[in-house]
Amino acid sequence: MAVLLIAEVQGGELAVDATAKALTAAAQMGEVTILCASEGCAGAAEAAAKLEGVSKVLCADDAAYGHDLAEPLADLIVSLAGDYEHIVAPSTAASKNVMPRVAALLDAMVISEVTAVVDANTFERPIYAGNAIQTVKSGDAKKVATIRTSTFDAAGEGGSASVETIGAAANPGLSEWVEDKVAASDRPELTSAGVVVSGGRGVGSEEDFKLIEGLADKLGAAVGASRAAVDSGYAPNDWQVGQTGKVVAPDLYVAIGISGAIQHLAGMKDSKIIVAINKDEEAPIFQVADYGLVADLFEAVPELTGKL
Amino acid sequence: MKVLVPVKRVIDYNVKVRVKSDGSGVDLANVKMSMNPFDEIAVEEAIRLKEAGKAEEVVAVSIGVKQSQETLRTALAMGADRAILIVAADDVHTDIEPLAVAKILKAVIDEEAPGLVLCGKQAIDNDMNATGQMLAALTGWSQGTFASELDIEGDSATVTREVDGGLQTIKIKMPAIVSVDLRLNEPRYASLPNIMKAKKKPLDEKTAADYGVDTAPRLEIVKTSEPETRKAGEIVGSVDELVAKLKEAGAL
């Protein structure tokens, strides 16, 4: 069975971690061809060809695919769909935008956030913010799925697949890119970081979030936030961890001033070690933390940062 | 311009979810149900468009069990002008898949001819995050997903979207499907007089069969299980002890 894996390409570069993790899931469904669609994506295609277990890489280099616009990208994927029984992608903002559109164009029901591949037609996925795991069997001729990367190990490198350049599909011209507002950061990317330090409502202000950032920088960690912190304007939206934000599973997750609503736990409870610092000893976060410290974060966090 | 707002009746977001012991699903009997929180944001945005003179009529539509009319009454109390209930299931445990929902909504669009569909980006029960995108595919319309800002000017809309790296702004052609994210607005509470008024607003009732849509699921639910639970950890007494424990565990 043939699988088309849509690579995550950001700014013309392959997002190796997300793509390699989705590749591990895709390889359990069949022989994998990777599609790199972006503007100036030859380098991304070459990087994808080096991933272990890839049989071929398709490279669609066109300005229409430069900004993850759903309509032209969906049409491209659908134009290629005839050769594949499975069409999958790592579950990123870009793929969540395009894959359901692809599925509907193929008259298939998309299978979002796959956390385990039982067999080529049967998948596990979390529902109700991860409070239940559903096993679903697709009866569709084409299976369209997004892969939750935090639950799969990354495929290795050492492959040498061939790269085939393909033409663009017709652009329906329904949308155009205006601008990106992306904060430049030297910190690791949130979803692939080994350590994540997150702050919640208890941090109290955008200014005091510097405490969280200081600890993160000391640990070489990415910075996360609860929805409450983002809604209150303490942290930008792309830091949000949870049911509707990012799902992370680092080796170490440090939750500071976060009460632990189920919507937040949904995004981090698969972390290897969880540390919680909160002054409220009744906070639900302590029920999932390996190590809990009941303390005022404004004292504990500077002390912890100083002692590392 | 007419705005169509699909709303879903889901388990209230504060309710603790329990998986049924026979693995057949999540227990929804005698559980508090509410409007999907993202859909509330969509309703609010539609009403604001009307208040700003950019929309003439807001039509709420819900697809599911008959009790979804309560959800529609909530939308009417918030300020929607009328509602359409499309009964597609008898049992509250039957979830109509986003593909079938999108097909029904497409049929509604063919009848109602809205200029904009505003929907929640995902329902907090099945967490699929799919209906808006699927509806955009079936209508051939543009899509602006995960919107945190929306500005409509004539035949196009500027949508700021919450994406992995931050925010992306795109310009889409109308008519369009816009799926809303958390930060678009803060939904209003319905006032008591408006709740009373909502009872008199028109609510049409139809069935999925009226639109000729087959709602049979494409994904067979093999089983529903409890997630693995984490073992309760330990409370440490000081920062020093925390550092020592983390070093011991190899985390530092």
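Parameters and conventions
Residues numbered from 1 in each chain as written. Chains lettered and ligands numbered in written order. Predicted model: local features only at pLDDT ≥ 70, side-chain atom pairs only at ≥ 80, totals over all residues. Heavy atoms only, no water. UniProt positions renumbered as here; feature names shortened; annotations may be inferred. Helix = DSSP H or I, 4+ residues; strand = E, 2+ residues; numbered from the N terminus. Core = buried A, V, L, I, M, F, W, Y, C linked by side-chain atoms within 4.5 Å. Buried < 20%, exposed > 50% of the residue type's maximum accessible area, 1.4 Å probe, protein only. Contact = heavy atoms within 4.5 Å. Pairing = 2+ DSSP bridges. Axes fitted to C-alpha atoms, helices over the stretch in contact; angles between N-to-C directions. Buried area = accessible area lost by both parts, 1.4 Å probe. Salt bridge = Lys/Arg side-chain N within 4 Å of Asp/Glu carboxyl O. Polar contact = N/O pair within 3.5 Å; in protein donor to acceptor, adjacent residues only side chain to side chain. Nonpolar A, V, L, I, M, F, W, Y, C, P; charged D, E, K, R; others polar. Disulfide = S-S within 2.5 Å.

- Under an unreviewed UniProt entry, chain B has the name Electron transfer flavoprotein subunit beta and belongs to Harenicola maris.
- The record held by UniProt for chain B lists under Sequence similarities (unreviewed entry) the comment "Belongs to the ETF beta-subunit/FixA family."
- Under the Function (unreviewed entry) heading, UniProt states for chain B: "The electron transfer flavoprotein serves as a specific electron acceptor for other dehydrogenases. It transfers the electrons to the main respiratory chain via ETF-ubiquinone oxidoreductase (ETF dehydrogenase)."

- An unreviewed UniProt entry annotates chain A as Electron transfer flavoprotein subunit alpha of Harenicola maris.
- Regarding chain A, the relevant UniProt record gives this comment under Sequence similarities (unreviewed entry): "Belongs to the ETF alpha-subunit/FixB family."
- Under the heading Function (unreviewed entry), UniProt records this for chain A: "The electron transfer flavoprotein serves as a specific electron acceptor for other dehydrogenases. It transfers the electrons to the main respiratory chain via ETF-ubiquinone oxidoreductase (ETF dehydrogenase)."

Looking at the UniProt feature "domain: Electron transfer flavoprotein alpha/beta-subunit N-terminal" (unreviewed entry) in chain A
Reasoning step 1: Feature annotation in UniProt places "domain: Electron transfer flavoprotein alpha/beta-subunit N-terminal" (unreviewed entry) on residues 3–181 of chain A, given in this structure's numbering.
Reasoning step 2: As annotated, residues 3–181 of chain A has a helix share of 25% and a strand share of 37%, and its two end C-alpha atoms lie 34 Å apart.

Here we look at the nonpolar core
Reasoning step 1: Grouped together as the largest cluster of nonpolar side chains are 94 residues, with contacts concentrated most on Leu4, Ile34, Leu35, Cys36, Val57 and Leu76 of chain A together with Met134 of chain B.
Reasoning step 2: Here the element with the most residues in this core is helix H3 (residues 98–112) of chain B; it accounts for nine residues.
Reasoning step 3: Setting aside residues up to four positions removed in sequence, methionine 134 of chain B forms contacts with Pro100, Ala103, Ala104, Ala108, Met109 and Val110 of chain A together with Pro98, Leu99 and Ala102 of chain B.
Reasoning step 4: Val58, Val87, Ala147 and Leu150 of chain B belong to the second-largest nonpolar core, a separate cluster that totals 44 residues.

Describing unusual backbone geometry
Reasoning step 1: Each neighbour pair has its own omega, and for methionine 174 of chain B with proline 175 of chain B the value is -5 degrees, a cis peptide bond.
Reasoning step 2: As for its placement among the helices and strands, proline 175 of chain B is situated in the loop between strand E9 (166–173) and strand E10 (176–180).
Reasoning step 3: Residues other than glycine seldom take positive phi values, yet alanine 129 of chain A does so here, at roughly 55 degrees.
Reasoning step 4: Inspection of the secondary structure assignment puts alanine 129 of chain A in the loop between strand E9 (122–127) and strand E10 (132–138).

Quick look at the sheet that holds strand E16 (residues 252–256) of chain A
Reasoning step 1: Strand order in this open sheet of six strands is E15(A)-E14(A)-E16(A)-E17(A)-E18(A)-E13(B), and the pairing throughout is parallel. The two strands at the open ends of the sheet, each matched to only one other strand, are strand E15 (222–225) of chain A together with strand E13 (234–236) of chain B. Ignoring strand direction, the axes of neighbouring strands in this sheet form an average angle of 20 degrees.
Reasoning step 2: In this sheet, strand E17 (residues 273–278) of chain A lies alongside E16 of chain A in parallel orientation, the contact comprising five bridges. If you follow valine 254 of chain A over to E17 of chain A, its bridge partner there is valine 275 of chain A.
Reasoning step 3: Strands E16, E17 and strand E18 (291–294) of chain A of the sheet are contacted by helix H8 (residues 297–307) of chain A, whose axis makes an angle of about 135 degrees with E17 of chain A.

Considering the interface of chain A and chain B
Reasoning step 1: Listed by partner, the interface residues are 83 residues for chain A and 75 residues for chain B.
Reasoning step 2: Both faces combined, the contact of chain A with chain B buries some 6,500 Å², and carbon together with sulfur accounts for 56% of it.
Reasoning step 3: Sorting the residues of chain A by area buried against chain B places Met109, Tyr128 and Tyr291 of chain A first, and these three jointly supply 12% of that buried surface.
Reasoning step 4: With its nearest N and O atoms 3.0 Å apart, the salt bridge here joins arginine 218 of chain B to aspartate 107 of chain A.
Reasoning step 5: Linking chain A to chain B there are 44 residue pairs in polar contact (both at pLDDT 80 or more).
Reasoning step 6: Residue classes in the side of chain A that touches chain B are distributed as 40 nonpolar, 21 polar and 22 charged.
Reasoning step 7: Bridge analysis of E18 of chain A against E13 of chain B gives three bridges, and the strand direction is parallel. What sits directly across from glycine 292 of chain A, in E13 of chain B, is isoleucine 235 of chain B.

As for the UniProt feature "domain: Electron transfer flavoprotein alpha/beta-subunit N-terminal" (unreviewed entry) in chain B
Reasoning step 1: When the UniProt feature table is mapped to this numbering, "domain: Electron transfer flavoprotein alpha/beta-subunit N-terminal" (unreviewed entry) covers residues 23–215 of chain B.
Reasoning step 2: Helix makes up 30% of residues 23–215 of chain B and strand 31%, with an end-to-end C-alpha separation of 23 Å.

Details of the sheet that holds E9 of chain B
Reasoning step 1: In space, the ten strands of this open sheet follow the order E13(A)-E9(B)-E8(B)-E7(B)-E10(B)-E6(B)-E1(B)-E4(B)-E5(B)-E11(B), with mixed pairing throughout. Taken across any chain shown, the strands that pair with only one partner, and hence form the sheet edges, are strand E13 (175–182) of chain A together with strand E11 (203–207) of chain B. With direction set aside, neighbouring strand axes in the sheet form an average angle of 30 degrees.
Reasoning step 2: Where strand E7 (residues 142–153) of chain B and E10 of chain B come together, four bridges link them in parallel fashion. Bridged to serine 142 of chain B within E10 of chain B is alanine 176 of chain B.

Details of the environment of alanine 251 of chain B
Reasoning step 1: Take alanine 251 of chain B: it is sitting in the segment after helix H6 (239–248).
Reasoning step 2: Counting along the chain gives 118 residues from alanine 251 of chain B to glutamine 133 of chain B, while the straight-line C-alpha distance between them is 41 Å.
Reasoning step 3: Sequence-distant contacts of alanine 251 of chain B, that is, excluding residues within four places in its chain, are made with Leu252 and Ile273 of chain A together with Leu246 of chain B.

A closer look at the state of the cysteines
In a disulfide, the sulfur atoms of two cysteines are held together by a covalent bond.
Residue and element names in this part refer to chain A.
Reasoning step 1: Applying the stated rule across the entire model yields zero disulfides over all chains.
Reasoning step 2: You can see cysteine 36 has no disulfide; the closest cysteine sulfur is in cysteine 41, sitting 5.8 Å from it.
Reasoning step 3: Taking the relative accessible area as the measure of exposure, cysteine 36 reaches 0% and is therefore buried.

Some details on the side chain of serine 138 of chain A
Reasoning step 1: Along the chain, serine 138 of chain A falls in strand E10.
Reasoning step 2: For serine 138 of chain A, a relative accessible area of 7% gives the class buried.
Reasoning step 3: Within the structure, serine 138 of chain A has its side chain in polar contact with the backbone nitrogen of aspartate 140 of chain A (distance 3.2 Å).
Reasoning step 4: When residues no more than four places from it in sequence are discounted, the contact partners of serine 138 of chain A are Ile111, Asn121 and Lys143 of chain A together with Arg218 and Leu219 of chain B.

A look at helix H3 (residues 70–80) of chain A
Reasoning step 1: Most of H3 of chain A sits inside the fold, with eight of its eleven residues counted as buried.
Reasoning step 2: The set of residues buried in H3 of chain A consists of Ala70, Glu71, Pro72, Leu73, Ala74, Leu76, Ile77 and Leu80 of chain A.

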